[in-house]
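# What the coordinates show
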Amino acid sequence: MSLRIVVTVKYVPDATGDRHFAEDLTVDRDDVDGLLSELDEYAVEQALQIAEEADDAEVTVLTVGPEDAKDALRKALSMGADKAVHVEDDDLHGTDALGTSLVLAKALEHVGYDLVISGMASTDGGMGVVPAMLAERLGVPQVTLLSEVKVEDGKVTGRRDGDSASEQLEAALPAVVSVTDQSGEARYPSFKGIMAAKKKPVQSLDLSDLGIEAEEVGLEGAWTTVDEATERPARTAGTVVNDEGEGGKKLAEFLAGQKFI
Amino acid sequence: MAEVLVYVDHVDGAVRKPTLELLTLARRIGEPVAVHLGAGADTAAATLAEYGAVKVLAADAAEFADYLVVPKVDALEAAYNAVSPAAVLLPSSAEGKEIAARLAVRIGSGIITDAVDLEAGDEGPVATQSVFAASYSTKSRVTKGTPVITVKPNSAAPEAAPAAGTVEQLAVSFGEKSTGTKVVSRTPRESTGRPDLTEAAIVVSGGRGVNGAENFAIVEALADSLGAAVGASRAAVDAGWYPHTNQVGQTGKSVSPQLYIAAGISGAIQHRAGMQTSKTIVAINKDAEAPIFDLVDYGVVGDLFEVVPQLTDEIKTRKG
Ligand SMILES: Cc1cc2nc3c(=O)[nH]c(=O)nc-3n(C[C@H](O)[C@H](O)[C@H](O)COP(=O)(O)OP(=O)(O)OC[C@H]3O[C@@H](n4cnc5c(N)ncnc54)[C@H](O)[C@@H]3O)c2cc1C
Ligand SMILES: Nc1ncnc2c1ncn2[C@@H]1O[C@H](COP(=O)(O)O)[C@@H](O)[C@H]1O
């Protein structure tokens with residue numbers, strides 16, 4: 001039987017651009033260029049490697065996001081994923097992590113999976129909570145923050161490098177995995193891959209397909225609210241001196257003045 | 001007064017500093033009740049009481065170490081049911097966030113991660129967060145259920161406020177899902193004897209400019225002269241010059257020390273995301289155009305191999 005791998009990928013505003021809040025204090029996704037969250041490229045890469053090792057495997061990429069999120073799916077397809085699922089619905093605007101995990105969990109049950117692979121965190125919200133929430137909602141093992149992952153004999157194993165220790169983990173499939181940016185460089189799409197991606201199927205789902213009520217998600221359904229967002233005044237550049245042989249001493253003088261020495 | 005659950009981060013009963021910060025912040029909202037999982041509750045209780053815990057709910061079981069995350073969620077849920085708290089606070093570590101995430105789903109509550117400040121509000125606790133690589137500061141609230149909030153290290157100065165800190169055993173029944181992910185082996189990290197990166201008051205970081213693993217001795221020497229922790233940019237980590245656990249930035253540690261010194265680091269947005277909230281920032285870089293200089297309180301344009309050792313010597317001389 002084929003191994004069904006589903007990679008959850010997020011479309012995010014470009015971190016190197018100017019990121020802002022919209023008037024309703026949600027992340028402004030209109031006025032900035034978006035892209036496949038770089039940390040999810042590592043998830044796609046591991047999915048492709050696991051699929052290459054397996055006898056028979058299929059990689060689906062799944063996103064919850066606006067129309068433009070198709071770009072993220074295309075990128076993943078051009079890297080080599082087989083097909084894509086896009087959950088798109090006007091009522092999703094402003095959905096928070098709990099809501100997103102609900103939609104993703106329903107979508108995963110809808111499409112079917114043996115292995116879910118997520119990124120370690122999204123590069124915009126950056127909470128790093130969705131994979132754990134997915135495991136909780138789906139009732140399957142959570143094997144997260146792996147810097148090394150392997151799937152064999154219906155089991156997933158991997159290394160989790162924590163602050164105080166490095167742990168070797170093991171769980172039976174189906175499971176939710178997340179991988180870090182230490183798991184190995186993501187491949188670049190080849191020209192052939194980019195051309196092939198154009199013909200790969202992208203399935204669209206909306207909330208009614210997943211049996212989710214509009215009130216459960218979106219800004220209205222959110223479990224949290226942002227009351228205020230203030231742009232921090234840019235740090236005012238301080239003193240910058242050229243080292244003419246005394247740079248270290250001058251620096252010490254500054255640190256002493258600030259009572260650090 | 002309402003009770004606030006505080007998840008204790010400890011090593012065999014030695015309570016880590018971020019927990020003392022959580023207790024301090026919890027007192028702004030209600031009475032802190034600490035949840036201590038694993039060995040050492042009796043040792044920890046004295047410290048927890050000193051910083052305001054009215055009660056310590058303790059549970060010890062092999063499951064906490066043998067399986068990933070879920071047994072701890074079961075325990076925290078048991079504590080939640082026992083106390084009906086006004087909020088649940090956890091440290092913003094990788095594990096803390098995962099425990100918080102699952103608890104939030106279970107109890108149907110909203111979650112806020114990486115708060116840098118917390119205050120009481122008319123409609124529940126208000127969390128300050130620093131977002132988009134610290135270019136924005138937001139104030140958020142949980143609007144459904146019991147707020148589950150994770151707080152970054154160095155978000156408050158721990159203040160002692162002695163309370164009873166009575167230890168009570170917490171009964172936990174582990175769900176069938178709790179043994180899903182087995183921890184097959186664990187290799188503890190060797191201690192360097194330096195302060196913990198996220199907790200340190202001073203951090204000295206090296207980047208690609210350090211140009212080699214052996215040259216990190218220069219960075220370490222400066223750090224040691226200041227009693228600082230050592231950090232590294234991803235470029236230095238990827239080159240294999242310094243361990244990933246020391247990486248500062250978006251996919252490494254987020255630090256907020258009193259003083260951050262960057263040597264041979266350009267200041268890419270992903271690096272800034274992890275250090276921009278530092279109180280005082282100092283950089284040494286030979287390129288006057290490096291973006292790190294936009295952030296600094298004091299910067300030296302120069303060769304780090306000249307400037308850093310001179311600085312270290314001068315500090316040693318001044319300290320005598
Ligand atoms: C998804 C993602 C996540 C990332 N996460 C992180 C992260 O967590 N942390 C992180 O740091 N980066 C992260 N990065 C990488 C980041 O974009 C930069 O590539 C990285 O921070 C660069 O490191 P650096 O400043 O050491 O190297 P460089 O950008 O190469 O800068 C080296 C600097 O050293 C200076 N220099 C060289 N020699 C000397 C000398 N002798 N004396 C003085 N100065 C000298 C140079 O002028 C230069 O400015 C991430 C990137 C992505 C895409
Ligand atoms: N809207 C989304 N669509 C698909 N996957 C997502 C979405 N949001 C988060 N994820 C997945 O969850 C991971 C962690 O996200 P976060 O908890 O938001 O930091 C990401 O790396 C993605 O794999």
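Residues numbered from 1 in each chain as written. Chains lettered and ligands numbered in written order. Predicted model: local features only at pLDDT ≥ 70, side-chain atom pairs only at ≥ 80, totals over all residues. Heavy atoms only, no water.

## Some details on the domain arrangement of chain B
Residues and elements named next belong to chain B. Parsing chain B into structural domains produces domain 1 (3-179) and domain 2 (202-319). The gap between the C-alpha centroids of domain 1 and domain 2 is 32 Å. Together, the buried faces of domain 1 and domain 2 total about 470 Å²; carbon and sulfur atoms form 55% of this surface. At the surface where domain 1 touches domain 2, the tally comes to zero salt bridges. Along the contact surface separating domain 1 from domain 2 lie two residue pairs in polar contact (both at pLDDT 80 or more). Residue composition of the side of domain 1 that touches domain 2, by class: two nonpolar, two polar and one charged. (Domains from an automatic or database assignment. Buried area = accessible area lost by both parts, 1.4 Å probe. Salt bridge = Lys/Arg side-chain N within 4 Å of Asp/Glu carboxyl O. Polar contact = N/O pair within 3.5 Å; in protein donor to acceptor, adjacent residues only side chain to side chain. Nonpolar A, V, L, I, M, F, W, Y, C, P; charged D, E, K, R; others polar.)

## Thoughts on the site of ligand 1
Surveying the vicinity of ligand 1 reveals 27 residues, the closest of which are B:Arg208, B:Ser233, B:Ser266, B:Gln270 and B:Asn285. In this structure, ligand 1 is bordered by residues of chains A and B. Residue B:Gln270 places a side-chain N or O atom 2.7 Å away from an oxygen atom belonging to ligand 1. For ligand 1, the protein covers 83% of the area, taking 990 Å² as the surface of the free molecule. Of all elements in the fold, only helix H1 (38-53) of chain A together with helix H7 (234-238), helix H8 (269-272) and helix H9 (304-319) of chain B reach the threshold of two or more residues within the shell around ligand 1. Per-class residue counts for the shell around ligand 1 are seven nonpolar, 14 polar and six charged. (Near = heavy atom within 4 Å. Areas by Shrake-Rupley, 256 points an atom, 1.4 Å probe, with all protein chains shown as cover. Helix = DSSP H or I, 4+ residues; strand = E, 2+ residues; numbered from the N terminus.)

## A closer look at helix H2 (residues 41-50) of chain B
Along an α-helix, residues three or four apart share an orientation, since each turn contains 3.6 residues. All names here are of chain B. What H2 keeps buried is the set Ala41, Ala44, Ala45, Leu48 and Ala49. The buried side chains of H2 occupy one side of the element, clustering within an arc of 135° when seen end-on. Exposed side chains of H2 directed beyond 90 degrees from the buried face belong to Thr43 and Ala46. The inward-facing, buried residues of H2 abut strand S3 (14-15), helix H1 (17-26), strand S4 (31-37), strand S5 (55-59) and strand S11 (166-169). Positive phi appears at Gly52, one or two residues downstream of H2, with a value of about 110°. (Buried < 20%, exposed > 50% of the residue type's maximum accessible area, 1.4 Å probe, protein only. Arc of directions from axis to C-beta. Contact = heavy atoms within 4.5 Å.)

## Things to note about the interface of chain A and chain B
At the interface, 78 residues of chain A touch 85 residues of chain B. A buried area of about 7000 Å², summed over both sides, lies between chain A and chain B, and 55% of it is on carbon and sulfur atoms. At the junction of chain A with chain B, the criterion picks out eight salt bridges. The partner of B:Arg106 in a salt bridge is A:Glu136, and the shortest N-O contact between them spans 2.8 Å. Taken together, chain A and chain B are joined by 42 residue pairs in polar contact (both at pLDDT 80 or more). When contributions to the side of chain A that touches chain B are tallied by element, the ones reaching two or more residues are H1, helix H4 (130-138), strand S7 (142-152), strand S8 (155-161), strand S9 (165-172), strand S12 (224-231), strand S13 (239-242) and helix H7 (247-257) of chain A. Counting residues per element, the side of chain A that touches chain B draws most heavily on H7(A), which supplies ten residues. In terms of strand pairing, S9(A) meets strand S12 (residues 182-188) of chain B through six bridges, oriented antiparallel. Bridge pairing in S12(B) links A:Leu169 to B:Val183. (Pairing = 2+ DSSP bridges.)

## Remarks on the pattern of salt bridges
Here the structure, examined in full by the defined rule, presents 33 salt bridges over all chains. Residue B:Arg186 pairs with A:Glu167 through a salt bridge whose shortest N-O separation is 2.9 Å. Taken together, the positions of B:Arg186 in strand S12 and A:Glu167 in strand S9 put the pair across two chains. Note that B:Glu199 and B:Arg16 form a salt bridge whose closest N and O atoms lie 2.9 Å from each other. One end of the pair, B:Glu199, is in the loop between S12 and strand S13 (202-206); the other, B:Arg16, is in the loop between S3 and H1, and 183 residues separate them in sequence. On the accessibility criterion, B:Arg16 (21% relative accessible area) is partly exposed. Sharing partners across several salt bridges, the network here consists of A:Glu136, B:Asp74, B:Glu77, B:Arg102 and B:Arg106.

## Some thoughts on the environment of B:Gln247
Locating B:Gln247 in the fold gives a position in the loop between H7 and strand S15 (259-263). B:Gln247 sits in the buried class, given a relative accessible area of 2%. For the pair B:Gln247 and B:Val237, spaced ten residues apart in sequence, the C-alpha separation works out to 6.7 Å. In this view, B:Gln247 contacts A:Asp181, A:Gln182, B:Leu197, B:Ala232, B:Ser233, B:Arg234, B:Val237, B:Gly252 and B:Lys253; residues no more than four positions away in its chain are not counted. For B:Gln247, the side chain forms a polar contact with the side chain of B:Thr251, separated by 3.1 Å.

## Thoughts on the site of ligand 2
Residues and elements named next belong to chain A. Surrounding ligand 2, one finds 19 residues, the nearest of these being Thr8, Asp40, Val64, Ser122 and Gly128. Within the backbone of Val64, an N or O atom sits 2.8 Å from a nitrogen atom of ligand 2. Gly119 is positioned such that a nitrogen or oxygen atom in its backbone is 3.0 Å from an oxygen atom of ligand 2. Those elements that place two or more of their residues in the shell around ligand 2 are strand S4 (57-64), helix H3 (97-111), strand S6 (115-119) and H4. Top element by residues in the shell around ligand 2 is S4. It accounts for three residues.

## A short note on the side chain of A:Ser118
Residue and element names in this part refer to chain A. Checked against the element boundaries, Ser118 lands in strand S6. Relative accessible area serves as the criterion here: at 2%, Ser118 is assigned to the buried category. Here Thr8 takes part through its side chain, which lies 2.8 Å from a polar atom of the side chain of Ser118. Aside from chain neighbours lying at most four places away, what touches Ser118 is Thr8, Ala43, Pro131, Leu134, Val177, Ser178 and Val179.

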